[in-house]
Amino acid sequence: MIETHGLSKEFVDGKRGKVAAVQSVTLSATPGRILGLLGRNGAGKSTFLRMLSTVIKPTAGSAKVNGFDIVTQSEQVRASIGFMSTSTALYGRLTPVEVLEYFGALYGIPQPELKNRVEYVMKRFGIESYADGLCDKLSTGQKQRVNIARTILHDPPVLFFDEPTSGLDVVMSQDVMEFVEEVKTQGKTVVYCTHIMSEVERLCDEVAVIHDGIVCDFGMVSALKERHQSNSLEQAFLKIVGYQRGVSLK
Amino acid sequence: MNAILAVFKKEVRDILRDKRSRSAMVVGPFFSVFLMFALFGIIGASVKKAATTTIHVVGKPQGKIDEAIVNAMKKGEIKVEEVATVEAGEKLIKDGKARLVLDFGTGLEQNLAAGKGSTLKALFDPGEQKAQIALSVIETVIGKVNDGVLEQLLTKNNLDKSLVRPISVERVKVKVGETSTAEVLVQLIPYLIIIWAFYGGMSIASDIVSGEKERQTLETLLISPTSRLNICLGKLLALAAACSVATLSAFIALIAGTKLPLPGMERLLEGGLQVSATGALVMLLVLLPTIALFASMLLAVSAFAKNTREAQTYLAQASFVVVLPAVFSQVIGLTDAGSARWVSFVPVLNSANALRQALLGKYDGVGIAITIVLGIVLSAAALVYAIRTFNKEEVLTRI
């Protein structure tokens, strides 16, 4: 379960002064459902996820992840989440097993259990055949599988996906989406951040459209299309963010 | 504690699998120290060789005094070659074929018999260092011949021949420290240990935090429930281990250099390397906070830098803070500063000086205590700065 109330984040930039990256976002995500965050590049989606994963602190508002406050109970929040993005790299000079064991230790999984969990995730994602090769030598698909295994190693109840298919080919993207669908059926709370409409339509139960750090609209995909009298989510999205043909958005 | 250990183990594994890091920690210190030793030996041997210099003499010796001078030169391992005229000698010098040409002139014997002094002419190129060495050698030889002539005159006049040098100095060596170590080692060891304690960790430092930012592994690490303090401490321990291994490699190379039959080593290492148990303990006590200071400094720079390139730029600048006092430590024994109290308050220099004194078996308790306490305080300050930097959002957002 995730609940945010007026969550905001301002950065101070030397040239631009105060920049509001996220402004007063109030949202909730429930177990067994996928909340989609849809927005252009730089809309504030990643900043929102970074606040929820406690690596940056909000300048206003509050949020609870799995019942824990993101500011006062940050360690418990981090223990409850799994975070995955395509930009997240692996340690090139470690093997997949070593990466998994490392993160297992950081997540405080005790040794006999850790061994079982590592074996389970390796089998689940077919990592065994290249488990002892260095991550630097793996293909993009193999790396992505190790990344997914790392994300769910500690079996977190909440999962964040930040543009997880960006830069992946069709087959690999399919793999990732199937995994997201699977964790949904396991009753986990999922926040899925993307700018790819087809992924949102396929995966998300609710969608929040973020533009310039503000949630411009929120609802089920069908509701958004209906509300903005659009045949597709893409059309609805463009209307929400105020796109006009020939006029650039700021 | 488990998390600190996990980070430490991961970093050590990462370091050991990186050729660049292995080179900076083991290969670099070992070979640079070993080569430095070999070079010192070769230079020492060639200086000795330079002592067996060739001196040209104009014409054949014409009297007893001339012969005495030539014989004294030959005894002093000087090769004597004859040149026909002064002009021919000058030409040899201009052509670079002679270092020094000695012209006895005429009347040396007669002047002496008449109770008069005489002057020899030594022709040389003042811009040539080897000629300067030859000149000082020949002046020593002439000095000895003068002494012999004076002794004869004194004996002839029934005077004590010791009056040739009415006042002389007897060298009495007083043992100050509990050990005696070769001078060259006393100068080199502190310098090499300090330099490599820093450089051993330097190449790893640019990778340890800023490298994680660049490769985008830091965010995943920070999203784990482990506290940033634990992550920092794990990385600090790995850096300290790298600094220690580099120091050890330099030390092993140093010992290998003293044991192997390299040219010129025998003369260079007269006195050998002798460190007492107390000396070794003092060295260890001084080195630990020094390594902790370097590791904390390196971690702070790496946490602050946006990427490895920026980290390398800052580290290159920071290295001057270490190199300058370390270089000064090589000559500190030649100055009064070697025993001055203020040296104990200068970071790095104080450690090098304490190491130097420990090698000599001299222990300045107050100085050692100040060095250790200052090292601990400064490393704690650098660590606090590193942890603060690591706790800031900018560690992720400043990219």
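Residues numbered from 1 in each chain as written. Chains lettered and ligands numbered in written order. Predicted model: local features only at pLDDT ≥ 70, side-chain atom pairs only at ≥ 80, totals over all residues. Heavy atoms only, no water.

## Topic: the domain arrangement of chain B
Threshold: Domain segmentation is taken from an automatic or database assignment of domains.
Along its sequence, chain B is carved into domain 1 (2-43 + 178-397) and domain 2 (51-164). Just the C-alpha atoms count here: the centres of domain 1 of chain B and domain 2 of chain B sit 53 Å apart.

## Examining the sheet that holds strand β9 (residues 206-211) of chain A
Residues and elements named next belong to chain A. Under the convention used in this document: Strands qualify as paired when DSSP identifies two bridges or more between them. Starting at the N terminus, helices and strands are each numbered in turn, a helix being any DSSP run of H or I of at least four residues and a strand any DSSP run of E of at least two. For helices, the fitted axis covers only the stretch in contact; all axes are lines through C-alpha atoms, and the angles between them, taken along N-to-C directions, range from 0 to 180 degrees. Whether two residues touch is decided by their heavy atoms; if any such pair falls within 4.5 Å, the residues are in contact.
Taken together, 6 strands build an open sheet; the order of strands is β6-β7-β8-β3-β9-β10 and the sheet is mixed. In this open sheet, the two strands that pair with only one neighbour each are β6 (81-85) and β10 (214-219). The mean inter-strand angle of the sheet, taken between neighbouring strand axes irrespective of direction, is 15°. As defined by bridge partners, β9 adjoins β10 across 5 bridges and the pair is classed as antiparallel. When the bridges of β10 are listed, Val207 appears paired with Gly219. Helix α6 (residues 170-185) contacts β3 (34-39), β6, β7 (158-162) and β8 (189-194) of the sheet and is inclined by roughly 150° relative to β8. Taken strand by strand, helix α9 (residues 233-240) contacts β3, β9 and β10, and its axis lies near 60° from that of β3.

## So, the sheet that holds strand β4 (residues 60-65) of chain A
All names here are of chain A. The 4 strands are arranged β2-β1-β4-β5 in an open sheet whose pairing can be described as antiparallel. Looking at the sheet topology across the chains shown, the edges are occupied by β2 (17-29) and β5 (68-69). For β4 and β5, the ladder comprises 2 bridges, and the chain directions are antiparallel. Pairing of Val65 across the sheet is with Phe68, part of β5. Contacts between helix α1 (residues 45-52) and the sheet are confined to β1 (2-13), β2 and β4, with β1 contributing the most and set at about 115° to the helix.

## Focus: unusual backbone geometry
Quick reminder of the rule: For the exposure calls, accessible area comes from a 1.4 Å probe over protein chains only, and a residue counts as buried if that area is under 20% of its type's maximum, exposed if over 50%, partly exposed in between.
The backbone of Glu163 of chain A shows a phi angle near 45°, a positive value even though the residue is not glycine. For Glu163 of chain A, the location among the structural elements is in the loop between β7 and α6. By relative accessible area, which is 18% here, Glu163 of chain A ends up buried. With a phi angle near 75°, Val348 of chain B is a residue other than glycine that sits in the positive phi range. By secondary structure assignment, the location of Val348 of chain B is in the loop between α13 (308-331) and α14 (349-360). The exposure class assigned to Val348 of chain B is buried, which follows from its relative accessible area of 5%.

## Quick notes on the layout of surface pockets
Let me state the cut-off plainly: Using a 1 Å grid laid over the protein atoms alone, points where a 1.4 Å probe fits but cannot get out form a cavity; open sets with protein on both sides within 12 Å along at least 5 of 7 lines form a pocket; any residue with an atom within 4 Å of a point counts as lining. Grid points are joined across faces, edges and corners, and a volume is the space filled by probe spheres set on the points. Throughout this entry, Asp, Glu, Lys and Arg are counted as charged residues, while Ala, Val, Leu, Ile, Met, Phe, Trp, Tyr, Cys and Pro are counted as nonpolar. The remaining residues, Gly among them, count as polar.
The computed volume of the largest pocket comes to approximately 1,100 Å³. Forming the boundary of the largest pocket are 37 residues, of which Phe11, Ser46, Thr47 and Arg50 of chain A together with Thr397 of chain B lie nearest the centre. Only β1, β2, α1 and β6 of chain A together with α9 (218-223) and α16 (394-397) of chain B provide two or more residues apiece to the lining of the largest pocket. In terms of residue class, the lining of the largest pocket is built from 12 nonpolar, 16 polar and 9 charged. If you add up the space inside the second largest pocket, you get close to 540 Å³. Considering the residues around the second largest pocket, the lining is formed by 21 residues, among which Ile65, Ala68, Val145, Gly148 and Val149 of chain B are closest to the centre. Going through the elements one at a time, α3 (64-75), α5 (108-113) and α6 (129-156) of chain B are the ones with two or more residues in the lining of the second largest pocket. With 10 residues, α6 of chain B is the single largest residue contributor to the lining of the second largest pocket. Counted by class, the lining of the second largest pocket contains 11 nonpolar, 5 polar and 5 charged residues.

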